[in-house]
Amino acid sequence: MLSFGLEGARSQTRTTPDATAGPAKAQPRPIPEAGPLAQPKSLAQVGLPVELTRRVICADNPQTPEKIALGEKLFFDGRLSADGTIACSTCHDPALAFTDGKPTSIGINGGVGQRNAPTILNALYNKTQFWDGRAKTLEDQAALPIVNPIEMGPPNIETAVARIAAIEEYEQAFRRVFGRPPNGPDLVRTIASYERTQVSFDSPFDHFIAGDKNAIGDSAKRGWELFNTKARCNKCHALSKEKRDATTFTDNKFHNIGIGILRHNVVALARQAEQLIESGNTEAVDRAAVGTDFSALGRFLITKKEADIAAFKTPDIRNILVTGPYFHDGSMETLWDIIDHYNKGDGLQDPYLDEDIQPLALTEPEIDDLVAVLASLTSSQYKEQGAKELGRQREIARTNRPQRDTARAFGPKPPRPAPPGP
Ligand code: HEC
Ligand code: HEC
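Structural notes on the overall build of the protein chain
Along the backbone of the protein chain there are 17 helices and two strands. On C-alpha atoms alone, the protein chain measures out to a radius of gyration of 21 Å, which is about the 22 Å that the 2.2 N^0.38 rule sets for 422 residues. Overall, the C-alpha framework of the protein chain stretches about 65 × 55 × 40 Å when taken along its three principal axes. When the 422 residues of the protein chain are sorted by exposure, 50% land in the buried category. The long-range share in the protein chain, meaning contacts at least 24 apart out of those at least 6 apart in sequence, stands at 72%.

Shown next, in the form of structure tokens:
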């Protein structure tokens, strides 16, 4: 018997407490307006990697102001969904730093998914998209939520295109931008172009790295030191383990760091998933990743490699303060929970735990320092929101530290359980 799921998320959002079986249901959020925070961002931000930015803007989908404006319209338009209620921005709301602020997302007809919506800020720098990297480019990515039955819901991309094409304004805009009527590939090109304008730097940390010694406090400075030494964060949240890297905070790789393992029997799940993976059907894998318990398998769903069981992409951690709740399943609420998790080197009963996860013996002041450096990664546009959120999280953490386990944090590295035999 397998028992899983985001019990917390589900009980929070379930509107029908009776025992009618089936996926959890909840009320999706109203579609947000494209306000000032949705505007394409300036490329003149302190900390913006100019060369890298130029490189990740694809040659076969050049940025033009008209294409970007069209992509922005579509990003906020519920008419891409089967019943008009869900837009990309439902789950990627600029006012919430392009997330939905929920543990896991709610889509069409109130379907509750299994995964936390990542921000699309700086998603242009991702080597792969999604927590398990199942899409390579932003163009490939954009087609999947549209047709996912618990996200936006039309049966196929052609149906979504037909609805857009029936709207005079869109029909003309596509002809102006591409010289032809609306079609699937152009649709995702416009959305990807808009997403590539969402660069987000100019944080206190960026000013510090650029030479302003007073841009961050002493605690955050100590946190940055710890990040690259005792706390071992740089083992994964840096381009190389050897050099300090303050660009996108990811190695672009996948690791099992022990999230959600105890709630799922991932080994049994992996056996069940093999057939699905054999099928090589991208949309079927997308449905499994977003809407079923196979979600917990992470990268394994794509590669079928044993070592990828419950491995997820190392995410960029810029703007982390304003993009909670945290991890692929939205299972943690505060930055203190995150550090507590790493501090105890979680992974008891996890045969696939990454070698770089181990008890860290961080003291309480050191934990606060790491929280401070994470908080300093908030871009100027979200400064006020970040300050408020830090206050809220600090208040919670005063009395509630569910991940804290000091004995394990200061104990030895536990032996890793052997993977089960074939
Ligand atoms: C119902 C909520 C929902 C809707 C609607 C939605 N998304 Fe998402 N988005 C998510 C979730 C959840 C994930 C993570 C899924 C996963 O990794 O398996 C995600 C992942 C992404 C990512 C990958 C980011 C990263 O860091 O890997 C991008 C980019 C993205 N969405 C863009 C879009 C676009 C464009 C649309 C509209 C065409 C859209 N989303 C519609 C919830 C949603
Ligand atoms: C072994 C590689 C590895 C190490 C070491 C590591 N991380 Fe992570 N980090 C990841 C991966 C992979 C995820 C996503 C895991 C998931 O959601 O299942 C993640 C997620 C996070 C998140 C949540 C991001 C989000 O959007 O929800 C934060 C914050 C974070 N790490 C900070 C840190 C800090 C601080 C340290 C050092 C104390 C650290 N990490 C050490 C690989 C690592």
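Examining the confidence of the model for the protein chain
Averaged over all residues, the pLDDT of the protein chain is 91; the fraction at 70 or higher stands at 94%. This stretch, residues 1-22, has a pLDDT under 50; its non-local contacts, to residues over four places away or in other chains, come to 32 contacts.

What about the site of ligand 1?
In the vicinity of ligand 1, 28 residues are found, and the nearest of them are Cys88, Cys91, Gly107, Phe130 and Pro145. Residue assignment for the shell around ligand 1 shows that the elements contributing at least two residues are α4 (88-91), α5 (138-147), α8 (184-195) and α12 (282-291). By residue number, the principal contributor to the shell around ligand 1 is α5, which donates five residues. Residue classes in the shell around ligand 1 are distributed as 17 nonpolar, eight polar and three charged.

Description of unusual backbone geometry
Of the consecutive residues Gly324 and Pro325, the connecting peptide bond is found in the cis state with omega at -10°. Topologically, Pro325 is positioned in the loop between β2 (312-313) and α14 (335-343). Within the chain, Phe98 stands out as a residue other than glycine whose phi angle is a positive 60°. When the 27 C-beta atoms within 10 Å are taken as the criterion, Phe98 is described as buried.

Here's the deal with the domain arrangement of the protein chain
The figure often quoted for interface size is the accessible area lost as the parts come together. Along its sequence, the protein chain is carved into domain 1 (16-195), domain 2 (204-257 + 313-409) and domain 3 (266-309). The gap between the C-alpha centroids of domain 1 and domain 3 is 24 Å. Every contact between the two is made by 13 residues of domain 1 and, on the other side, 13 residues of domain 3. For the side of domain 1 that touches domain 3, the per-class residue count stands at five nonpolar, four polar and four charged.

Examining the site of ligand 2
Neighbouring ligand 2 are 26 residues; Cys233, Cys236, Ile259, Phe327 and His328 lie closest to it. For the shell around ligand 2, the secondary structure elements donating two or more residues are α14 and α15 (364-375). The element contributing the most residues to the shell around ligand 2 is α14, with three residues. A class-by-class count of the residues in the shell around ligand 2 yields 17 nonpolar, five polar and four charged.

Looking at helix α16 (residues 383-399)
Under the 1.5 Å per step criterion, the end-to-end length of α16 is 25 Å for 17 residues, consistent within 8% with the ideal 24 Å. Taken as a whole, α16 has its buried residues at Gly386, Glu389 and Ala397. For α16, the angular spread of the buried residues around the axis is 70°, confining them to a single face. Facing away from the buried side of α16 by more than 90 degrees, the exposed set consists of Glu384, Gly391, Glu395, Arg398 and Thr399. Close packing links the buried residues of α16 with α14 and α15.

Considering the environment of Glu72
Position of Glu72 relative to the elements: it lies in helix α3 (residues 65-75). Each C-alpha atom, one on Glu72 and one on Pro359, is 44 Å from the other, the two residues being 287 residues apart in sequence. The contacts of Glu72, once residues within four sequence positions are left out, are Ala34, Ala38 and Tyr194.

Details of the environment of Glu171
Note on placement: Glu171 falls in helix α7 (residues 168-178). Spatially, the C-alpha atom of Glu171 lies 6.2 Å from that of Pro182, the residues being 11 residues apart in sequence. For Glu171, the contacting residues outside a window of four places in its chain are Ala165, Pro181 and Pro182.

Some details on the environment of Gly211
You can see Gly211 is positioned in the loop between α9 (204-209) and α10 (218-227). Of the residues examined, Gly211 has 8 C-beta atoms within 10 Å and is grouped as exposed. Each C-alpha atom of the pair Gly211 and Lys41 lies 23 Å from the other, and the pair is 170 residues apart in sequence.

A few points about the nonpolar core
Counting residues in each nonpolar core, the largest one holds 101 residues, and the members touching the most others are Leu297, Leu335, Ile339, Leu370, Val371 and Leu374. The dominant element in this core, judged by the number of residues it contributes, is α15, at seven residues. Those residues within four positions of Ile339 in sequence are excluded, and the remaining contacts are Leu362, Ile367, Leu370 and Val371.

A look at the packing of α10 against α15
When two helices pack together, their arrangement is captured by the angle between the axes and the distance separating the axes. It is at 7 Å that the axes of α10 and α15 come closest, and there the two elements cross at 95°. With respect to each other, α10 and α15 are oriented roughly perpendicular. Facing Ser219, Ala220, Arg222, Gly223, Trp224, Leu226 and Phe227 of α10, the residues of α15 in contact are Glu366, Asp368, Asp369, Leu370, Ala372 and Val373. Among the residues forming the contact of α10 with α15, the class breakdown is seven nonpolar, two polar and four charged.

Focus on α12
Within the span of α12, buried status applies to Val285, Asp286, Ala289, Val290 and Gly291. Where α12 is buried, its residues meet α5, α11 (266-279) and α13 (300-303).

Conventions adopted
Residues numbered from 1 in each chain as written. Chains lettered and ligands numbered in written order. Predicted model: local features only at pLDDT ≥ 70, side-chain atom pairs only at ≥ 80, totals over all residues. Helix = DSSP H or I, 4+ residues; strand = E, 2+ residues; numbered from the N terminus. Rg over C-alpha atoms; globule rule 2.2 N^0.38 Å. Buried ≥ 20, exposed ≤ 12 C-beta atoms within 10 Å, placed from the backbone. Contact = placed C-beta atoms within 7 Å. pLDDT = per-residue confidence, 0-100. Near = placed C-beta within 6 Å. Nonpolar A, V, L, I, M, F, W, Y, C, P; charged D, E, K, R; others polar. Domains from an automatic or database assignment. Expected span 1.5 Å × (residues − 1). Arc of directions from axis to C-beta. Core = buried A, V, L, I, M, F, W, Y, C linked by C-beta atoms within 7 Å. Axes fitted to C-alpha atoms, helices over the stretch in contact; angles between N-to-C directions. Parallel < 35°, antiparallel > 145°, perpendicular 65-115°, else oblique.

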